[in-house]
Amino acid sequence: MGQDLGIDLRKELGLRGGSNGNDGSSTAGLIESFPPPPPPAKEPHHMMAKKKPSQSSLNSTSPTEPPNRPLPPRPVSKLGGGLSRSTTNASGFTAITPLPPPSLPPPSVPPPSVPAPNRPPPPKPLPLSVRPQVPLGMNPPTRPGTSTTAKTTTSAATAMELPPVSTTDSKPRMSWTSTAASSLNVRRRIKYGQGKYSSVELVPQPSDDPDDPLNWPTWRKEVNFWSLMLMVAMTGVTKTIFVTVNAQVSQLYGVSYTAAAALTGVPLILSAITGLGCLIAARMVGKRPFYLGSLISFFIGTVWSTNVGFEGAYGQCMAARVFQGLGWGAWDALVLGSIQDTFFEHERNIKITIHAITTTATLWFPPILGGVASQSSAGFTLQFTILSSFFALAIPAIALGCPETVFDRAYTLSAAASAAPTPGTGLSGLGLTGTGRYKTSLPLAPYRLLSWETACTYLAKLHPYTYSTPISPSLLLQAPRAMLAPTTLLLFLVSFLPISALWSFSSSLSLIFHPLPLSLPPSSIGLFFFGPFLLSLIPVITFNYFYRKYSTIFTSTPKTHLFVTALGLVLSFIGILTFSLHISSSLTPNPDSLMATGAKVNLPAVGFVFGLLAMGAATLEHGLQRVTIGESTAFTSRNLGVKMRNEVDMGFGVEFYRKVMMGVFVMGTQTGNWVVFEGLRDWGLGWGLRWWFWGWVGDGVVGGVGG
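As the structure is a prediction and not an experimental result, all values here were calculated from the model.

**Focus on the overall build of the protein**
- When helices and strands are tallied, the protein shows 27 helices and 4 strands.
- Among the 707 residues that make up the protein, the fraction classed as buried is 44%.
- Taking contacts inside the protein between residues at least 6 apart in sequence as the whole, the part at least 24 apart equals 76%.
- For the protein, the computed accessible surface area is about 37,500 Å², with 66% contributed by carbon and sulfur atoms.

Dropping the structure here:
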């Protein structure tokens, strides 16, 4: 009790001293006068375990230590309230004095309103129809990059400050359309195919214009393609329509056999000339005007030929054949270009294969049927009568199913955009604009299959003349320059002799087998063409349908061109020599009887070796021409557009030279010496051996160019 009383007294005195505001010296002396409390007695161990500590004992401390209590929280200022100030008095206690609330700033006065300047509205974004659209494939080089091209590309990109395009991320890649478009920071999304070709990048890249032939619906592309194939087939039929009846034509008109053979040779030469003219002019006015003009000329010549089957009508028959030859040119020169304009690269090979098969089959199969038709009372004119009936399908197919396929996908934005050739087929009031050029296309409307608006819109796009571009010397000289290229000339020199010999022998069959002693009718002469028809299709299908694999082998395997050329050489050499020597030895009259019996002639063997000649000529044509021109243009063209154009120009360049020589051989080899067959033997030996040597020399040069 004494200890507790001392402690309480000390606390009481200390509290009162602090509350009176004294300095506490008297209170401190009074407290020190009390004796210190004795140490507390220790309790037994068993009592300490049972006794629970009280709350007051937990908070109490020894007299020599300060109280174990938490400090009060510091005052915190609040927005809008007054602040507090802490002061310590002489006795050591802290007093908190509230501060006056801070003075708020005066309300802000809004600045005087200033009228906004009268500025023009920002320009609207350009519509898609006038933005520069260039296919992706038109930009990169078509040959492997070199150090020079890499440096040029890097410096150009640095000068224009083009952002790098990443090809490793999962975002859709963007392509720069052209140099001019790059300066305008215009990029387009790379487009891919559909269906099983969804992962194939479209080459060339189509524009965003629905009138772009690459953007046509599938049915429209197919209608255009098969309409062209119909005309290619009809022209092929008329090229060999006289080969089984030349002897009858010579007797009917009372002219020489050379004049009768000229009905085949003259149109061939004219078709080469008109084809070259169409190829050059189509760059300026498009392909459709020449398709329509060639259709009209071909129609006039074919219908006219139905009424020339009487004596003394040789002049009329030749005039009709001239019209036909003028009509052949466009279908020989422009069809491959239309296929390139309409189909992408992954779709193009099967179309080119069909075109090659159609061209070859319609040359050598119709004589089989034409010989049978020519034995009727109407004579050979029945062939033209049957052919004329197909114009009921051909005329509407070309007029309604073959729109213009020439389309400019590269043009720049300028102030004179209206004066520049721009893509589209919208015409002012179904007529041309003031400058005779395209107007930009209208936006797509909701599609309806059968409606008056749909029909009018489609017919407006079938105007005969819907394309125009300024004429320039460089544009006019594109095709002639390609025709004078070394690859073009060497391909012609390697292959023209077998093909010319094939056409020469074809025109000579009637002269050889129609007179005595064999006196074969046109139907029997037509059977000789089974060999060329069947055997020539083998290399045509092989080298065109499997072109991708073959081109890979051709470029990766050395001496492939030598093997292909050797194969064509051997087949053609066997065909020329065997055909000429066998017929000459079998039909030469016996010196004793001065008559030739013809019993030694093996007609099936003649047809087979004739087919071997056609097979060798087709091997040299389709096994070398397409792949060699493709490799040559890939390493000489600056972009994909130039490469595609050069392929068409160089391909027709080879055909131009061949057709001229075919016409010359058809007319120049039908002489009287063939009747005694000495000239046939000499011709076969002379040209066969010469061409064998020249073929190997030319192949070495072509191999060097292609490699």
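There's more to say after this.
**A word on helix α25 (residues 603-636)**
- Taking 1.5 Å per residue as the helical rise, α25 with its 34 residues ought to reach 50 Å, and the 49 Å between its terminal C-alpha atoms agrees with that figure.
- Approximately 25 degrees is the largest bend angle found in α25, and it occurs at Q625.
- Most of α25 is tucked away, with 25 of its 34 residues classed as buried.

**Description of a nonpolar patch on the surface**
- On the surface, I296, F299, I300, V303, F323 and I395 cluster together into a nonpolar patch covering about 460 Å² of accessible area.
- At 4 residues, the largest contribution of residues to the nonpolar patch is made by helix α10 (residues 288-305).
- The class of I300 is partly exposed, set by a relative accessible area of 37%.

**Considering the pattern of salt bridges**
- The final tally for this structure, using the stated rule, is 9 salt bridges.
- For the salt bridge of K191 with D208, the shortest nitrogen-to-oxygen distance reads 2.6 Å. Of the two residues, K191 is situated in the loop between β4 (187-189) and α7 (218-239) and D208 in the loop between β4 and α7; the sequence distance between them amounts to 17 residues.
- What makes D208 partly exposed here is its relative accessible area of 32%.
- Residues K351 and E222 are paired through a salt bridge, measuring 3.0 Å at the closest nitrogen-oxygen approach. Of the two residues, K351 sits in helix α13 (residues 345-364) while E222 sits in helix α7, which places them 129 residues apart along the sequence.
- For E222, a relative accessible area of 24% gives the class partly exposed.
- Taken together, the salt bridges that share partners define one network made up of K239, D332 and K659.

**Overview of the environment of G575**
- Its location among the elements puts G575 in helix α24 (residues 560-587).
- Taking relative accessible area as the criterion, G575 reaches 0% and is therefore assigned buried.
- Leave out the neighbours within four places in its chain, and G575 touches V609 and L613.

**So, unusual backbone geometry**
- Cis geometry marks the peptide bond from V203 to P204, where omega comes out at -5 degrees.
- Considering the arrangement of structural elements, one finds P204 in the loop between β4 and α7.
- We note that S519 has phi near 55 degrees; this positive angle belongs to a residue other than glycine.
- Here S519 lies in the loop between α20 (486-513) and α21 (522-526).
- With relative accessibility at 36%, the residue S519 sits in the partly exposed group.

**So, the side chain of S510**
- With respect to the secondary-structure elements, S510 resides in helix α20.
- Taking the relative accessible area as the measure of exposure, S510 reaches 0% and is therefore buried.
- Polar contacts involving the side chain of S510 include one to the main-chain amide nitrogen of A247, which spans 3.0 Å.
- Beyond its immediate chain neighbours, meaning those up to four positions away, S510 contacts V243, T244, V245, N246, A247, Q248, Y257, P515 and I525.

**A few points about the environment of I541**
- Looking at the secondary structure, you find I541 in helix α22 (residues 530-545).
- Exposure remark for I541: the relative accessible area of 36% places this residue in the partly exposed category.
- Residues I541 and H622 lie 81 residues apart in sequence; the distance between their C-alpha atoms is 9.1 Å.

**Description of the packing of aromatic side chains**
- The final tally for this structure, using the stated rule, is 23 aromatic pairs.
- Where F242 meets F384, the ring centres are 5.8 Å apart and the plane angle is 50 degrees; that geometry is what we call tilted. Here F242 is found in the loop between α7 and α8 (246-253), whereas its partner F384 is found in helix α15 (residues 381-388), with 142 residues between them in sequence. When sorted by exposure, F242 lands in the same class as F384, which is buried.
- Here the aromatic cluster, defined as three or more aromatic residues joined through ring pairs, consists of W364, W503, F505, F529, F579 and F610.
- Positioned over the ring face of W216 is R220, at 4.3 Å from the centre of the ring.
- It is R626 that lies over the ring of Y547; its NZ or CZ is 3.8 Å from the centre.

Analysis parameters
Residues numbered from 1 in each chain as written. Predicted model: local features only at pLDDT ≥ 70, side-chain atom pairs only at ≥ 80, totals over all residues. Heavy atoms only, no water. Helix = DSSP H or I, 4+ residues; strand = E, 2+ residues; numbered from the N terminus. Buried < 20%, exposed > 50% of the residue type's maximum accessible area, 1.4 Å probe, protein only. Contact = heavy atoms within 4.5 Å. Areas by Shrake-Rupley, 256 points an atom, 1.4 Å probe, with all protein chains shown as cover. Expected span 1.5 Å × (residues − 1). Bend = angle between axes of the 7 residues up to and from the residue. Patch = residues over 30% accessible without salt bridge, like charges linked within 9 Å, V, L, I, M, F, W, Y side chains within 5 Å. Salt bridge = Lys/Arg side-chain N within 4 Å of Asp/Glu carboxyl O. Polar contact = N/O pair within 3.5 Å; in protein donor to acceptor, adjacent residues only side chain to side chain. Phe/Tyr/Trp six-rings, centres within 6.5 Å; stacked < 30°, edge-to-face > 60°. Lys NZ or Arg CZ within 6 Å of the ring centre and 35° of its normal.

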